[in-house]
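# Coordinate inspection notes
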Amino acid sequence: MDFSSKVILITGASGGIGASCALRFASLGADLALVGRNSENLENIAGKCEETKGLRPLTIIADVSIDEDVERIVQETIDRYGKIDVLVNNAGFLIMSGLSGDIENFDKMMATNIRGTYLLTQKTVPYLLETKGNIVNISSIVSIKPVPAMLGYSMTKAAMDIFTKCIALELGPKGVRANMVNPGPVDTNLFTANSLTPEQNNQYLSKVSEAIPLRKVSKGEDVAKLVSFLASDDASCITGTNNIIDCGLILGETFF
Ligand SMILES: NC(=O)c1ccc[n+]([C@@H]2O[C@H](COP(=O)([O-])OP(=O)(O)OC[C@H]3O[C@@H](n4cnc5c(N)ncnc54)[C@H](OP(=O)(O)O)[C@@H]3O)[C@@H](O)[C@H]2O)c1
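Residues numbered from 1 in each chain as written. Predicted model: local features only at pLDDT ≥ 70, side-chain atom pairs only at ≥ 80, totals over all residues. Heavy atoms only, no water.

## Describing the overall build of the protein chain
Broken down by element type, the protein chain carries eight helices and seven strands. Against the 2.2 N^0.38 benchmark of 18 Å for 256 residues, the protein chain shows a C-alpha radius of gyration of 17 Å, consistent with a compact globule. Principal-axis analysis of the C-alpha atoms gives the protein chain an extent of 55 × 40 × 35 Å. The buried share of the protein chain, reckoned over its 256 residues, is 52%. Relative to all contacts within the protein chain whose residues are 6 or more apart in sequence, the contacts with residues 24 or more apart total 71%. On the protein chain, roughly 12100 Å² of surface is accessible, and the fraction owed to carbon and sulfur atoms is 54%. Distance between charge centroids for the protein chain: 5 Å, based on 23 positive and 29 negative side chains. (Helix = DSSP H or I, 4+ residues; strand = E, 2+ residues; numbered from the N terminus. Rg over C-alpha atoms; globule rule 2.2 N^0.38 Å. Buried < 20%, exposed > 50% of the residue type's maximum accessible area, 1.4 Å probe, protein only. Contact = heavy atoms within 4.5 Å. Areas by Shrake-Rupley, 256 points an atom, 1.4 Å probe, with all protein chains shown as cover. Lys, Arg positive; Asp, Glu negative; His and termini not counted. Charge placed at Lys NZ, Arg CZ, Asp CG, Glu CD.)

Structure (structure tokens):
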């Protein structure tokens, strides 16, 4: 797999799955535009990317929930590279809550996880049409498997799935693909950022690992390999699909 001279725009690249995607695409020779809010973390990942093939990524400090920032993400990427081949909509966050949770938290998750994705995709598509590029959206297993304690978050991911399928239908005849990756638990800062203490997170990960068929959770690198496959020409016949990576979690319990 070779992404030399391909321009990959990745949101939420300052940590977790997005950072793993950045490192994966860097190792495959891509030119990168990396987006995040935390400058120190983003520059740290950009430095690691540069170490792999000597290509310094463009770093863009931006919040995908702010419309002006979204415009700037696209403009700065075009100013630097003149084109976009792949958009990875990865920026997202989770506030655990059920039906009684604050509606403001739901609004905030919608603003980043889905509105930001919608707007950035809309602004990027004119460039993807020129390159016959593609989009990979980082959804979640919870868009498919109901988890009541993640009600609002799951709704953002379910929205992302139908968004991806609709744009795959709209853009397919014009040569642009769109797919989603639906990870199960991945060991990142997703839960510790807003919902769990590090101890609670470790307990959750160890408990969930014991219940998963493969008895482990995925790493960011595992997800990044799937993302790079979907973004590559090897996946030229794949569009509009859910791509589950969950170590078998969704299979559930067997009763025999
Ligand atoms: N970890 C899991 O178990 C899991 C499972 C399924 C799906 N996912 C999805 O995977 C994606 C990445 O999450 P993760 O697990 O890697 O979590 P993470 O470690 O918390 O990373 C989230 C990334 O998104 C960025 N981000 C958050 N809000 C942003 C905003 N408004 N604008 C720009 N960047 C923003 C964060 O960077 P800054 O703070 O620098 O902005 C960070 O780089 C999310 O969409 C998440 O829903 C994760």
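Now, onward.
## Focus: the sheet that holds strand E5 (residues 134-138)
What the seven strands build is an open sheet, ordered E3-E2-E1-E4-E5-E6-E7; its pairing is parallel. Strands with a single pairing partner mark the edges of an open sheet, and in this sheet they are strand E3 (58-61) and strand E7 (242-245). Taken pair by pair, the neighbouring strands of this sheet meet at an average axis angle of 15 degrees, ignoring direction. Relative to strand E4 (residues 86-89), strand E1 (residues 7-11) is paired through three bridges, and the arrangement is parallel. Within E4, the residue paired with Ile 10 across the bridge is Val 88. Contacting E1, strand E2 (31-36), E4 and strand E6 (177-183), helix H1 (residues 16-27) crosses the sheet at an angle of about 165 degrees to E1. Helix-sheet contacts for helix H5 (residues 151-171) involve E4, E5, E6 and E7, and the interaxial angle to E6 is about 160 degrees. (Pairing = 2+ DSSP bridges. Axes fitted to C-alpha atoms, helices over the stretch in contact; angles between N-to-C directions.)

## Some remarks on helix H7 (residues 198-211)
Spanning 14 residues, H7 covers 20 Å between terminal C-alpha atoms, matching the ideal 20 Å at 1.5 Å per step. Those residues of H7 that sit buried are Asn 201, Leu 205, Val 208 and Ser 209. Viewed end-on, H7 has its buried residues packed into an arc of 105 degrees, placing them on one side of the element. Away from its buried face by more than 90 degrees, H7 exposes Glu 199, Gln 203, Lys 207 and Glu 210. Summarising the contacts, the buried residues of H7 are in contact with helix H6 (190-194). (Expected span 1.5 Å × (residues − 1). Arc of directions from axis to C-beta.)

## Comments concerning H1
Over its twelve residues, H1 extends 17 Å from the first C-alpha to the last, a length consistent with the 16 Å expected when each residue adds 1.5 Å. Inspection of H1 places Ile 17, Gly 18, Ala 19, Ser 20, Cys 21, Ala 22, Phe 25 and Ala 26 among the buried residues, and these make up the whole buried set. Taken together, the buried residues of H1 touch E1, E2, helix H2 (39-53), E4, E6 and helix H8 (220-231). Phi for Gly 29, located one or two positions after H1, is positive at around 85 degrees.

## A closer look at the site of the ligand
For the ligand, the set of nearby residues contains 28 residues, the closest of which are Ser 14, Arg 37, Asn 38, Tyr 153 and Thr 188. Side-chain polar atom of Asp 63 to a nitrogen atom of the ligand: 2.8 Å apart, as the coordinates give it. Separating an oxygen atom of the ligand from a side-chain N or O atom of Thr 188 is a distance of 2.5 Å. Protein contact buries 93% of the 870 Å² of open area that the ligand shows by itself. Mapping the ligand onto the cavity grids shows that it belongs to the largest pocket. For the shell around the ligand, the secondary-structure elements that each account for two or more residues are H1 and H5. Of the residues assigned to the shell around the ligand, the class counts are eleven nonpolar, 14 polar and three charged. (Near = heavy atom within 4 Å. Polar contact = N/O pair within 3.5 Å; in protein donor to acceptor, adjacent residues only side chain to side chain. 1 Å grid on protein atoms, 1.4 Å probe; cavity = no way out; pocket = protein on both sides within 12 Å on 5 of 7 lines; lining within 4 Å. Sits in = over half its atoms within 2 Å of the grid points. Nonpolar A, V, L, I, M, F, W, Y, C, P; charged D, E, K, R; others polar.)

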